[in-house]
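Report on the structure
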Amino acid sequence: MSDFVTVQGVTFGYGRRVILDDVTLHFGRGQVVAIMGGSGMGKTTLLKLIGGIETPDKGAIYIDGELLDTSDKEKLYAQRRRMGMLFQFGALFTDMSVLDNVAFPLREQTHLSEELIERMALMKLNAVGLRGAADLMPSEISGGMSRRVALARATALDPELIMYDEPFAGLDPISMGVTARLIRDLSNALNATSIIVTHDVPETFAIADYVYMISSGRIAAEGTPEELSASQDPYVRQFIDGAPDGPVAFHYPAEPIDREFGVRAP
Ligand SMILES: Nc1ncnc2c1ncn2[C@@H]1O[C@H](COP(=O)(O)OP(=O)(O)OP(=O)(O)O)[C@@H](O)[C@H]1O
């Protein structure tokens, strides 16, 4: 299977604080790949690096075999046009109808006729089961429906790569399952590579081809959902079972509490 995105030996930090330390990840064409890990472990940062919003300090990123060079703006924009991004909560424009939200990227980035744009937007809405809601305003639909509209908008330009940051955040269990299924179906229909950053194990394991677990700047574990489910690695078990005690620290690194407050820790 050929990679659509390759992250090769990437090291990245904000200032002197290293967030990712020599990580390598492969994202095959048409695959749904999840990036999981504790809070603040650099998952969103990884999406920013792949989107060319941040630049690696070391290592390289390849999109469809071509180096992602953030200093070459023209090439970068061409590479970005092949990507769709759905960032946290995928907020809709509240003053536009559902249809206009989906049509927005088509109007911004193509010179197609208005009639064709509307037809394409309706097709995208149909794919997420919301053609009938085209004329509603975002305030008139549920949170789960809004997320589906955001999915339709993220796929409006038929991207080859779709990045989802916390696509299940804030959804009820049924909407989570529906959204997960849609991510898989849209990926299959477009033969697009999907990268999902998430904490939600069951929804993700149900649709992902491959999962990377990130901890302390490194790949702590990787494998298919089946392999990880069968793993006895304590980190993997803690993450899958949601246990509070284990290798994943609950506290963000801080000064010892006694030093910070001048009190003795219990
Ligand atoms: N622009 C920035 N400048 C400085 N530090 C940043 C910046 N963006 C993120 N960070 C820090 O880098 C670390 C990784 O952030 P990132 O958002 O990638 O984590 P994450 O794994 O996506 O976390 P979460 O699951 O909580 O969203 C965090 O500790 C965060 O505080």
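Residues numbered from 1 in each chain as written. Predicted model: local features only at pLDDT ≥ 70, side-chain atom pairs only at ≥ 80, totals over all residues.

- An unreviewed UniProt entry annotates the chain as ABC transporter ATP-binding protein of Parasutterella secunda.

Some remarks on the overall build of the chain
- Scanning the chain for helices and strands turns up 10 helices and 10 strands.
- Looking at the chain residue by residue over its 266 residues, the buried ones come to 36%.
- By sequence separation, contacts in the chain at least 24 residues apart represent 65% of the contacts at least 6 residues apart. (Helix = DSSP H or I, 4+ residues; strand = E, 2+ residues; numbered from the N terminus. Buried ≥ 20, exposed ≤ 12 C-beta atoms within 10 Å, placed from the backbone. Contact = placed C-beta atoms within 7 Å.)

Let's talk about the site of the ligand
- In the vicinity of the ligand, the contacting residues are Tyr-14, Ile-19, Gly-37, Ser-39, Gly-40, Met-41, Gly-42, Lys-43, Thr-44 and Thr-45.
- Here the shell around the ligand is built from residues that sort into three nonpolar, six polar and one charged. (Near = placed C-beta within 6 Å. Nonpolar A, V, L, I, M, F, W, Y, C, P; charged D, E, K, R; others polar.)

Some points on the packing of helix H3 (residues 98–109) against helix H5 (residues 143–154)
- Here H3 crosses H5 at 25°, and the two axes come no closer than 8 Å. The orientation of H3 with respect to H5, classified from their angle, is roughly parallel. Of the two possible hands of crossing, H3 and H5 adopt the one that is right-handed. For the pair formed by H3 and H5, the contact residues are Val-98, Asn-101, Val-102, Phe-104 and Pro-105 on the first element and Val-149, Ala-152 and Arg-153 on the second.
- Among the residues forming the contact of H3 with H5, the class breakdown is six nonpolar, one polar and one charged. (Axes fitted to C-alpha atoms, helices over the stretch in contact; angles between N-to-C directions. Parallel < 35°, antiparallel > 145°, perpendicular 65-115°, else oblique. Left-handed = near helix turned anticlockwise from the far one by under 90°.)

Some points on the environment of Ala-103
- Inspection of the secondary structure puts Ala-103 in helix H3.
- The class of Ala-103 is buried, set by 25 C-beta atoms lying within 10 Å.
- Considering only alpha carbons, one finds Ala-103 and Ala-78, 25 residues apart in sequence, at a separation of 20 Å.
- Ala-103 has contacts with Ile-117, Glu-118 and Ala-121, leaving out every residue within four places of it along the chain.

Digging into the sheet that holds strand E2 (residues 17–28)
- Read across the sheet, four strands follow the order E2-E1-E4-E5 without closing on themselves; strand pairing throughout is antiparallel. For this open sheet the edge positions go to E2 and strand E5 (66–67), each flanked by a neighbour on one side alone.
- The pairing of strand E1 (residues 3–14) with E2 spans eight bridges and is classified as antiparallel. When the sheet's bridge partners are listed, Val-5 is paired in E2 with Phe-27. (Pairing = 2+ DSSP bridges.)

A few points about unusual backbone geometry
- The backbone of Asp-22 sits at a positive phi, close to 55°, despite the residue not being glycine.
- Along the chain, the position of Asp-22 falls in strand E2.
- A positive phi angle, close to 50°, is found at Asp-158, a residue other than glycine.
- Within the fold, Asp-158 resides in the loop between H5 and strand E7 (161–165).

Regarding the sheet that holds strand E10 (residues 218–223)
- Strand order in the open sheet formed by six strands is E6-E7-E8-E3-E9-E10, with mixed pairing between adjacent strands. For this open sheet the edge positions go to strand E6 (83–86) and E10, each flanked by a neighbour on one side alone. Averaged over all pairs of adjacent strands, the angle between strand axes in this sheet comes to 15°, irrespective of strand direction.
- For strand E9 (residues 210–215) and E10, the ladder comprises five bridges, and the chain directions are antiparallel. If you follow Ser-215 over to E10, its bridge partner there is Arg-218.

Quick notes on the pairing of strand E4 (residues 58–63)
- When E1 meets E4, the two strands line up antiparallel, connected through five bridges. Residue pairing across strands places Gln-8 opposite Ala-60, the latter belonging to E4.
- Sheet topology note: the E4/E5 ladder contains two bridges and is antiparallel. Looking at the pairing, Tyr-62 lines up with Leu-67 of E5.
- What sits between the antiparallel neighbours E4 and E5 is a turn of two residues, in which Asp-64 has the positive phi angle 50°.

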